[in-house]
Amino acid sequence: MTITQPDNARVFRSLHTPTEPLALANAWDVASARVIEAAGASAIATTSAGVAWSLGSPDGDVLTRDRALELIGRIVTAVAVPVTADIEGGYATDAAGVAETVAGVLAAGAVGVNIEDGTRPPTELATRLAAARQTADRAGADLFLNARIDTFLFGLGAPDTRLKETLSRAHMYVDAGADGIFVPGITDTATIAALARDVSVPLNVMAGPGAPTVAELGTLGVARVSLGSGVAQVAYAAARRTAQELFGTGGYDSLAEGMAFPELNTLFSEPH
């Protein structure tokens, strides 16, 4: 049976529930996507930072749109589960460019995107979100539009008004067409619960060491949990650790922690 973009889009949308939050171990290339899928992922999300690093660029709106879209297409083709793509600020300088990027993401077969505000004025992201939504609507595509708010991640504004500012942005972004709100940089349960109570769409947070478990986040009202660039960072740390051992002691013990060659090779040998 052929799985179409609309089929995957419906599945992906249905996965956003605090009862059993969507857990996303973000991928950055085809191999990481296949490994994550084989581990039991119900969907694949990309990490823009990991994608940029794998292609030789820093994170932060430096990678070109064409290179990003080419990789998204490769990942979509390689896995059977829905794919959502982190497209930073939209790989564009304005809303019209974001519309072109979103059209490319849809053509690649992805079912969702993350677009971030960063240090831009909130009104600018709202305009970009509206352009993304209009592009998807014109294409007749069910695109899950996740708006990332960076107030906590970047420490924007005064700490005592940061939650209020985040909620203000969330309401603006939902009005512009966002299907979900992503607030990385928070682990405080009271803040997470307050966001979940006052945001009318699924809430996405980024998890890492010290954060509540996926199930605990669900009890707070979180519907989606992402690892961001964390998995890529762990993978690159393993490469550095192994290289340092080789160049330092001349040993190879770090290689014992690797996946077995046949297991990896089989991921790419079997029909998918």
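See the structure printed just above.
Residues numbered from 1 in each chain as written. Predicted model: local features only at pLDDT ≥ 70, side-chain atom pairs only at ≥ 80, totals over all residues. Heavy atoms only, no water.

What the largest pocket holds in volume is close to 470 Å³. Considering the residues around the largest pocket, the lining is formed by 17 residues, among which Ala235, Ala238, Glu257, Gly258 and Met259 are closest to the centre. The set of elements that each furnish at least two residues to the lining of the largest pocket consists of α2 (30-38) and α10 (230-248). Among the elements that make up the lining of the largest pocket, the one with the highest residue count is α10 (7 residues). In terms of residue class, the lining of the largest pocket is made up of 11 nonpolar, 4 polar and 2 charged. (1 Å grid on protein atoms, 1.4 Å probe; cavity = no way out; pocket = protein on both sides within 12 Å on 5 of 7 lines; lining within 4 Å. Points joined across faces, edges and corners; volume = space filled by probe spheres on them. Helix = DSSP H or I, 4+ residues; strand = E, 2+ residues; numbered from the N terminus. Nonpolar A, V, L, I, M, F, W, Y, C, P; charged D, E, K, R; others polar.)

For the structure on display, the rule yields 15 salt bridges. Of the charged contacts, one joins Arg10 and Asp7 as a salt bridge, the two residues approaching to 2.6 Å between their closest N and O atoms. Taken as a pair, Arg10 and Asp7 lie in helix α1 (residues 5-14) at a separation of 3 residues, close to a single helical turn. Note that Asp150 and Arg148 form a salt bridge whose closest N and O atoms lie 2.7 Å from each other. Taken as a pair, Asp150 and Arg148 share a single burial class, namely buried. (Salt bridge = Lys/Arg side-chain N within 4 Å of Asp/Glu carboxyl O. Buried < 20%, exposed > 50% of the residue type's maximum accessible area, 1.4 Å probe, protein only.)

Let us look at the packing of aromatic side chains. Evaluation of the coordinates by the stated rule reveals 3 aromatic pairs. Among the aromatic side chains, those forming a connected cluster through ring pairs are Trp28, Trp53 and Tyr236. For the cation-ring pair, Arg34 lies above Phe268, with the distance from its terminal atom to the ring centre recorded as 5.7 Å. (Phe/Tyr/Trp six-rings, centres within 6.5 Å; stacked < 30°, edge-to-face > 60°. Lys NZ or Arg CZ within 6 Å of the ring centre and 35° of its normal.)

Taking strand neighbours across the sheet as the criterion, the 8 strands line up as β1-β8-β7-β6-β5-β4-β3-β2 in an open arrangement whose pairing is parallel. Only two strands of the sheet have a single neighbouring strand rather than two, namely β1 (22-24) and β2 (44-45). Note: β1 against strand β8 (residues 224-226), 3 bridges, orientation parallel. Paired with Leu22 across the two strands is Arg224, which belongs to β8. (Pairing = 2+ DSSP bridges.)

To continue, consider α1. Within α1, the full set of buried residues consists of Gln5, Asn8, Ala9 and Phe12. Here the buried residues of α1 occupy an arc of 105 degrees about the axis, which is enough to place them on one side. When the buried face of α1 is taken as reference, the exposed residues oriented beyond 90 degrees from it are Arg10 and Ser14. Next to the buried residues of α1 lie β1, β3 (83-86), α5 (95-108), β5 (144-148) and β8. (Arc of directions from axis to C-beta. Contact = heavy atoms within 4.5 Å.)

Time to look at the packing of helix α7 (residues 162-175) against helix α8 (residues 189-198). Taken N-terminus to C-terminus, the directions of α7 and α8 make an angle of 30 degrees; their axes are 11 Å apart at the nearest point. When the axis of α7 is compared with that of α8, the two are roughly parallel. Here α7 and α8 pass one another in a crossing that is right-handed. Contact with α7, carried on its side by Leu163, Thr166, Leu167 and His171, involves Thr191, Ala194, Leu195 and Asp198 of α8 and no other residues of that element. (Axes fitted to C-alpha atoms, helices over the stretch in contact; angles between N-to-C directions. Parallel < 35°, antiparallel > 145°, perpendicular 65-115°, else oblique. Left-handed = near helix turned anticlockwise from the far one by under 90°.)

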